[in-house]
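Spelled out, the chains give:
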Amino acid sequence: SRTGDVDLRGAVISSDRILIEAAGSLLGGASLTSANDIGVTVGDSLTAASIVTGGELTTAAEVGGGPEGFYSVPGSITVGEITVGTGNVDYSAGGAIDLGTLTVSSSDIRLTAGGAINLGGTNGATSIGLFGGSVAAGSLDAGGLIEIESGSDVTLGTATAGSELR
């Protein structure tokens, strides 16, 4: 959509490549699955039930290239489950980041939000960095460093760091 939101209303989409562009937000509880990159470009926020990619979550313009390792939205990122097959995960949101489970393939996770970060759990991380207005996490597991910075509260369920928790 060049002028508004894209509302996928619980759609289940599976394709070799997925490219979505919205001048506003990606709305609805869609499940997006691709063996390659998934490209989502939004002018505000990204909301989905799940994103499962053999590549990475990137912008629509960057699908198919080498790993960018960075994804940013002006608003918020709200996804129940994200699985990324390639590269580090470095997500940034001007608003909040709310993720159920984030699974990576032996790579780093870095989440930066102007608002709250809520993360249910992680799988496969070598290191984890959470930097937000507040941070709440259920189960963090990293082979190396776990680093958390918050402008206010930090609430953790369990955190297992192979080297250091700070």
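Residues numbered from 1 in each chain as written. Predicted model: local features only at pLDDT ≥ 70, side-chain atom pairs only at ≥ 80, totals over all residues. Heavy atoms only, no water.

Draft legend 1. Structural detail: the overall build of the chain. Counting its secondary structure elements, the chain contains zero helices and 16 strands. Taking 166 residues into account, the globule formula puts the C-alpha radius of gyration at 15 Å, and the chain, at 15 Å, falls close to it. Its C-alpha atoms put the chain at 45 × 30 × 25 Å along the principal axes. In the chain, buried positions account for 40% of the 166 residues. (Helix = DSSP H or I, 4+ residues; strand = E, 2+ residues; numbered from the N terminus. Rg over C-alpha atoms; globule rule 2.2 N^0.38 Å. Buried < 20%, exposed > 50% of the residue type's maximum accessible area, 1.4 Å probe, protein only.)

Draft legend 2. Spatial organisation of the packing of aromatic side chains. Across all of its chains, the model carries one aromatic pair by this definition. Between Y71 and Y91 the ring centres are 6.0 Å apart and the planes differ by 75 degrees, which places this aromatic pair in the edge-to-face class. Taken together, the residues Y71 in strand β9 (residues 71-73) and Y91 in strand β11 (residues 89-93) connect sequence positions 20 residues apart. This pair shows no difference in class: Y71 is buried, exactly as Y91 is. (Phe/Tyr/Trp six-rings, centres within 6.5 Å; stacked < 30°, edge-to-face > 60°.)

Draft legend 3. The pattern of salt bridges, seen in detail. This structure, assessed with the given rule, holds one salt bridge. A salt bridge links R9 to D7, with the shortest nitrogen-to-oxygen separation between them at 3.7 Å. (Salt bridge = Lys/Arg side-chain N within 4 Å of Asp/Glu carboxyl O.)

Draft legend 4. Region of the structure containing the nonpolar core. Ranked by size, the top nonpolar core spans 42 residues in total, and within it I77, L111 and L130 carry the most contacts. Tallying contributions element by element places strand β12 (residues 97-113) first for this core, with seven residues. Once you skip the residues sitting within four places of it in the chain, I77 turns out to touch L46, Y71, Y91, S92, A93, A96, I97, D98 and L99. (Core = buried A, V, L, I, M, F, W, Y, C linked by side-chain atoms within 4.5 Å. Contact = heavy atoms within 4.5 Å.)

Draft legend 5. Representation of the pairing of strand β10 (residues 77-84) within the structure. In this structure, strand β7 (residues 46-53) lies alongside β10, joined through seven bridges in parallel fashion. Within β10, the position partnered with A48 by the bridge is V79. Here β10 pairs with β12 via six bridges, running parallel. Residue pairing in the sheet places T83 in a bridge with T103 of β12. (Pairing = 2+ DSSP bridges.)

Draft legend 6. Molecular detail of unusual backbone geometry. One non-glycine residue, R9, adopts positive backbone phi at about 40 degrees. Relative to the elements of secondary structure, R9 occurs in the loop between β1 (6-7) and β2 (12-14). Overall, the relative accessible area of 72% leaves R9 in the exposed class. Backbone geometry at S106 places phi at a positive 50 degrees, although glycine is not the residue there. Looking at the element boundaries, S106 is found in strand β12.

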